[in-house]
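# Chain and residue survey
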Amino acid sequence: LVTSLRDGMNLVSFEYVACQGRSPGVLILSELAGAAQCLRAGALMVNPYDAGEVAGAISAALNMGSAERAERMSHLKSYVCRHTAQTWAEEFLLSLVHEAAEIKAES
């Protein structure tokens, strides 16, 4: 349950996903968290200001079948494993090299 009211990119939810084993849990994530745009495909999204909605998501998570939990976690793990800090750094450096080449070509 990650119910941030406002943040940048909260990595707690990514760490939770990375730690899941054979019997995965359910990620309940604030729609206001920075990670929401990345992890909404597999998480139960909630408005942290709506206690009833949070309670409903907790109930849904507790009653969710193992097949649905596994499917949701599969989506989450796929994203987390593809979007690592190393991947981000490599893409960032490649974009810098590309920009430098364009600037050099223009001069």
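Analysis parameters
- Residues numbered from 1 in each chain as written.
- Predicted model: local features only at pLDDT ≥ 70, side-chain atom pairs only at ≥ 80, totals over all residues.
- Heavy atoms only, no water.
- Phe/Tyr/Trp six-rings, centres within 6.5 Å; stacked < 30°, edge-to-face > 60°.
- Helix = DSSP H or I, 4+ residues; strand = E, 2+ residues; numbered from the N terminus.
- Buried < 20%, exposed > 50% of the residue type's maximum accessible area, 1.4 Å probe, protein only.
- Expected span 1.5 Å × (residues − 1).
- Arc of directions from axis to C-beta.
- Contact = heavy atoms within 4.5 Å.
- Polar contact = N/O pair within 3.5 Å; in protein donor to acceptor, adjacent residues only side chain to side chain.

### Brief notes about the packing of aromatic side chains
According to the stated counting rule, one finds 2 aromatic pairs in the structure shown. Seen in terms of ring centroids, Phe14 and Tyr79 are 6.3 Å apart; in terms of plane orientation they differ by 55 degrees. Their pairing is tilted. Of this pair, Phe14 sits in helix 1 (residues 12-18) while Tyr79 sits in helix 4 (residues 66-82), and the two are 65 residues apart along the sequence. As far as burial versus exposure is concerned, Phe14 and Tyr79 are alike and both buried. When the centroid spacing of 5.2 Å and the interplanar angle of 5 degrees are considered together, the rings of Trp88 and Phe92 count as stacked. In this pair, Trp88 and Phe92 are both assigned in helix 5 (residues 85-106), 4 residues apart and thus about one turn of the helix distant. By relative accessible area, Phe92 is classed as partly exposed at 39%.

### Brief notes about helix 3 (residues 51-63)
Since there are 3.6 residues in each turn of an α-helix, residues three or four apart along the chain are aligned in direction. Counted at 1.5 Å a residue, the expected span for helix 3 with its 13 residues is 18 Å, and the 18 Å between its end C-alpha atoms agrees. Residues Val54, Ala57 and Ala61 constitute the buried set of helix 3. Along helix 3, the residues classed as buried sweep out an arc of 60 degrees about the axis, all on the same side. When the buried face of helix 3 is taken as reference, the exposed residues oriented beyond 90 degrees from it are Ala51, Gly52, Leu62 and Asn63. Close packing links the buried residues of helix 3 with strand 1 (28-30) and strand 2 (44-46). N-cap assignment for helix 3: the residue whose side-chain oxygen lies 3.1 Å from the backbone N of Gly52 is Asp50.

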